[in-house]
Amino acid sequence: MKTLPESLPASEGDNLDDANKCMKCGFCMYNCPIYKVDHIESHVARGRNVLIRQANEKTIPTDAEYAERLSYCLLCGRCAAICPAKVPSPDINVAARTDVVNRKGLSLPKRAVYRGILKNRKLMANLLGAAAIVPGVSTKDGKPLRHMADFTSVFTKGLSLPKLSKPFLSSRLPAKTSPPPGVNIKGQVAIFPGCAFEFFFADIGEGIAQVLAKAGYEVVYIKDLTCCGLAVRSAGDLKTAQLMAKHNIKKLAKFDRIITGCATCGSALKDYGKWFASDDPLKKQAQEFSAKVSDFSEFLAKEGVKSQVTEPVIVTYHDPCHMKWHQGISSQPRELLRSIDGVKFVEMEGEDDCCGLGGAFTLAHRDISLAIQDKKMQNIKNTRAQIVVTSCPGCLIQLRDGVRRNNLPVKVMHISELLNNNQVSSDKKSNKS
Amino acid sequence: MLLSAYNIDRQIYTGRLKISIENSILEKLRAIVGEKGALTAPLDLASYAFDGTTSWQSKPDVVVFPTTAEQVSQIMKLAAAHKIPVTPRGAGSNLSGGSVPVSAGIVLCMTRMNKILKIDADSFTVTTEVGVVLNDLNLALTKQKLFFPPDPQSFLAATIGGCVSENAGGPYAVKYGVFKHYLLGLTAVLPNGAIVKLGGNTVKNVTGYDLPQILCGSEGTLAVITQVTLRLLPLSPSHRTVVAVFDKVVTSGQAVHKVLTAGILPAKIEMMDNWVIRRIEETTPLGLPLDAGSMLLFELDGTQSAVDKDVESVIKSCQQAGALNVRAAKDDVEAANFWTARRAGFSAIYGASPNIFAEDVTVPISHIADLIDKVQQIAKKYDLTIVIIGHAGDGNLHPSVLTDKKNAEHYARAEKAVDEIFMAALEYGGAISGEHGIGLEKKRFMKQAMQPEAIDLLRGIKKVFDPDNILNPGKIWEEKS
């Protein structure tokens, strides 16, 4: 008995007044990964909407206590997906966070990160490049250097962060990657790598471009794109997020198809239209831009690809929230996995349950994040899969952290890695699915 | 004494008598449930000030989350020693004000006692802690081809403890009854802290007064239930859905009567009026006829051959009653869509105006058409939109009056209409609440619904269980002034 719809209801942007639409049925509690762990009503959409409503009516202050309650949310979107009144609770929360930032301003460290580093890709590259000189902080060819996990975990409350990939994607990918000889060119796509595939998983970023090229596309890579802005918007700094969106829209305006391998970036790029008020002249441009964006697997499933693995493997798939709930994409990656020769696909229980990362959430509320991660690990373990595939670098980080903590004999891979394992051809007819 | 201080009106409590719990007691509570088992921050308390209704709000002083009956016992002993009000709570999805802590004090939130303890497929019983969400129980039972019929439409939120305490029911009531018909036994903590086991594990059990049945539907006023044993049925092998469209709501009411008197007992008979049909089509287009006055949904279950025969009989009865259109859903997918639409009906109502009186009257099935007729007259008389949706097969309708508290004149008319709907239900030999309970919302109608001597019996039972009146005080009946 599946009780969940396939994706989120459409929302026309952030609106605090939407909190009034909540009829308090409590169905969100059934779907909220955080509520399922702690059962605290102020940490779930129904309770939070009441608080937001009261703050809006100025019967409670928008102080640090209030901001703290707003932080108990992964913005995963499950509450909105199950809501019978179609209340866009994640957007309401983002609006409330933005309201707090507008009233109180950002903390200095956050301001430095959002308005300084994330906005300025060159500065970020330079800073991270300098950091990469420190032994152990960077990886070569995607293979993490040992020891750093435990060292950095001191700062991340135990979460093992990925190492920096040296060189970064900008030094790996040419401006254009052409299809290999013998493959007919079907067209041109621009890729949006996002911070993760630019700096931390650059090898995967490279692979994404290669798979697309093998599928018959000339892949254009633009160096001076910036962060998609989602983390900044989620933290309530809408103005900076809008500047980032504006920059990316401008840089990619001339392309008809924009592909990203990052579920989080994809959900942001497709939402750019929502980030601007209806009287903003940029809104229309942003909506047009959003319409051109596809996720990697969404795009490839339509193309049909052929690939094989060298040895038979059992594979399961973890649905990233930003993919399933925010973009409505869940069948496409499975189709792709099933089409790979040698892959035996098994579904895990709770396949679309959150991994528990939620960006900064995992650092702010590590105990809850780990409780959510534990459930996921148990479900992965039960499948006896050798590989768990996903489509989101955030999930990759959290799942790899969980696999390491639980000592599971499981490899965590981005979907492009499995597709890039061997041959990929562009011929739809030869696709045996 | 405490209770008379409350103005039991459709008001948000503001000037209530405030019990402030001393820090030493909070410390003791934390010692029982642990640091993470108690909430005292004002913003957390604010989110426990309400239930599923729009009419009532009152903050507790502390919310505690016990994980064992032993902890509940210690909490109750502490509360009894200091005469602190305790309001048990599950998901707080109830629709009567029943779990709103109007006397402040302690909210005893049972949601962390959420383990299914034993599914006994051989004896057709399940024993579970009370914090389990009904849908989670159903998922676990379906895996073993077992069936627990009571289906309040809040099943994605409601906890088993809440359902037992409200004696909840839903569409399946027409054939399968409500929670009380499945409650075999339970463990509960009395207000003095004693842990008692009541009832047993068998369908037949005449051992003195039926105490589990007294707790069932007692709205958390007698004891804190921590564990229940419920009766199960085998899952029916076959299900089919029939959809019938009528020109008027009254005609559909007559059709329900016709179907039942023809000797068919459908598993569900649900009714939606034109307003609901149009709203469903707006949000989830299913191709429902927009000009239909009313629609009935039937579910037939049993063995396949019996179900097929019943489907034919239902179609024939509806035709005889004057249905404009009646047919069986073509497959499971279409059937599921219709039932999803039915569930969406209530949300459509709740989203339609700032305040809703979603009433819960029940009449004997021979009077369904009369009640519908009466509600429509009342709507006309007071110039209101009153939407009709409900479990027509068991006579339980939810006439929902759309109104707005901010418009005092409109709100007053709505209140009058609600009063008249209640009176009409009582005149037809019905009840003022079919499945939502009395709580705060319907207290003022108790005198019309029950003899004074009967209300005195309620008071007497309450006194035996809870002599100090600390458990969910201020609910169900009005205090004598």
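Residues numbered from 1 in each chain as written. Chains lettered and ligands numbered in written order. Predicted model: local features only at pLDDT ≥ 70, side-chain atom pairs only at ≥ 80, totals over all residues.

(A) Representation of the overall build of chain A. Along chain A, the regular secondary structure elements total 23 helices and eleven strands. Within chain A, buried positions represent 55% of all 433 residues. Partitioning the intrachain contacts of chain A with sequence separation of at least 6 by distance along the chain shows that 77% fall at a separation of at least 24. (Helix = DSSP H or I, 4+ residues; strand = E, 2+ residues; numbered from the N terminus. Buried ≥ 20, exposed ≤ 12 C-beta atoms within 10 Å, placed from the backbone. Contact = placed C-beta atoms within 7 Å.)

(B) Region of interest: the overall build of chain B. When its secondary structure is counted, chain B shows 15 helices and 18 strands. Over its C-alpha atoms, taken along the principal directions, chain B stretches across nearly 70 × 60 × 45 Å. Within chain B, the fraction of its 481 residues that count as buried is 53%. Partitioning the intrachain contacts of chain B with sequence separation of at least 6 by distance along the chain shows that 72% fall at a separation of at least 24.

(C) Region of interest: the sheet that holds strand β6 (residues 258-260) of chain A. Residue and element names in this part refer to chain A. A sheet is described by the order of its strands in space; here five strands give the open sequence β3-β5-β4-β6-β7, paired in mixed fashion. A strand with exactly one partner marks an edge of an open sheet, and here the two such strands are β3 (176-177) and β7 (293-295). As judged from the two bridges shared by β3 and strand β5 (residues 217-221), these two strands associate in the antiparallel manner. When the sheet's bridge partners are listed, T177 is paired in β5 with V219. Relative to β7, helix α15 (residues 263-275) is tilted by about 155 degrees, and along the sheet it contacts β6 and β7. Together, β6 and β7 form the strand contacts of helix α17 (residues 296-303), whose direction differs from that of β7 by roughly 85 degrees. (Pairing = 2+ DSSP bridges. Axes fitted to C-alpha atoms, helices over the stretch in contact; angles between N-to-C directions.)

(D) A look at the pairing of strand β13 (residues 268-273) of chain B. All names here are of chain B. With six of six residues buried, β13 is to be regarded as a mostly interior element. The side-chain alternation of β13 yields two buried faces, one formed by K268, E270 and M272 and the other by I269, M271 and D273. Taken together, the six bridges between β13 and strand β14 (residues 294-302) define a ladder with antiparallel strand orientation. Bridge pairing in β14 links E270 to L297.

(E) Structural detail: the interface of chain B and chain A. Facing 28 residues of chain B, the contacting portion of chain A comprises 24 residues. Of all the secondary structure elements, the ones that give two or more residues to the side of chain B that touches chain A are α2 (42-46), α4 (134-143) and α11 (332-350) of chain B. Tallied by class, the residues present in the side of chain B that touches chain A amount to 14 nonpolar, eleven polar and three charged. (Nonpolar A, V, L, I, M, F, W, Y, C, P; charged D, E, K, R; others polar.)

(F) Representation of the environment of V375 of chain B within the structure. Within the fold, V375 of chain B resides in helix α12 (residues 368-381). V375 of chain B has contacts with I386, I388, P399 and I421 of chain B, leaving out every residue within four places of it along the chain.

(G) Inspection of helix α12 (residues 202-214) of chain A at higher detail. Residues and elements named next belong to chain A. Taking 1.5 Å per residue, 13 residues should reach 18 Å; α12 reaches 18 Å between its end C-alpha atoms and fits that length. Counting buried positions along α12 yields twelve of 13 residues, so the element is predominantly enclosed. Taken as a whole, α12 has its buried residues at A202, D203, I204, G205, E206, G207, I208, A209, V211, L212, A213 and K214. Looking one or two residues past α12, G216 carries a phi angle of roughly 105 degrees, positive in sign. (Expected span 1.5 Å × (residues − 1).)

(H) Focus on the domain arrangement of chain A. Residue and element names in this part refer to chain A. We note that the domain assignment places domain 1 (16-104), domain 2 (115-299) and domain 3 (304-419) within chain A. Contacts between domain 1 and domain 2 engage six residues on the former and six residues on the latter. Counted by class, the side of domain 1 that touches domain 2 contains four nonpolar, one polar and one charged residues. (Domains from an automatic or database assignment.)

(I) Focus on the domain arrangement of chain B. Residues and elements named next belong to chain B. Domain boundaries assigned for chain B yield domain 1 (3-112), domain 2 (116-234), domain 3 (236-347) and domain 4 (353-447). With centres defined by C-alpha atoms, the gap from domain 3 to domain 4 works out at 23 Å. Going through the elements one at a time, α8 (249-261), β13, α9 (274-283) and α11 are the ones with two or more residues in the side of domain 3 that touches domain 4. Among the residues forming the side of domain 3 that touches domain 4, the class breakdown is twelve nonpolar, four polar and three charged.

(J) Spatial organisation of the confidence of the model for chain A. Residues and elements named next belong to chain A. Chain-level pLDDT for chain A is 86 on average; 85% of the residues reach the 70-or-more range. No element of chain A has a lower mean pLDDT than helix α9 (residues 148-152), at 43, and none a higher one than β6, at 98. Residue range residues 1-11 is modelled with pLDDT below 50. Its contacts to residues more than four positions away, or to other chains, number 24 contacts. Long-range and interchain partners of residues 423-433, a stretch whose pLDDT sits below 50, account for 32 contacts in this model, where long-range means more than four residues apart. (pLDDT = per-residue confidence, 0-100.)

(K) Representation of helix α13 (residues 408-427) of chain B. Residues and elements named next belong to chain B. For α13, which comprises 20 residues, the first-to-last C-alpha distance of 29 Å matches the rise-based estimate of 28 Å (1.5 Å per residue) to within 8%. Among the residues of α13, those classed as buried are A414, A417, V418, I421, F422, A424 and A425. Summarising the axial view, the buried residues of α13 lie within an arc of 160 degrees, below the 170-degree limit, and thus occupy one face. Residues of α13 that are exposed and angled more than 90 degrees away from the buried face: A408, E409 and A412. Contact partners of the buried residues in α13: β16 (355-358), α12, β17 (386-391) and β18 (396-403). G429 sits one or two residues past α13 and shows a positive phi near 80 degrees. (Arc of directions from axis to C-beta.)

(L) Structural view of the sheet that holds strand β8 (residues 183-189) of chain B. Residues and elements named next belong to chain B. Taking strand neighbours across the sheet as the criterion, the five strands line up as β5-β6-β10-β8-β9 in an open arrangement whose pairing is antiparallel. Edge positions in the sheet fall to β5 (116-120) and β9 (195-199), since each of these pairs with one other strand and no more. Across the sheet, the mean angle separating the axes of adjacent strands is 10 degrees when strand polarity is ignored. Of the strands in this sheet, β5 and β6 (125-129) touch α4, which is tilted by about 35 degrees from β5.

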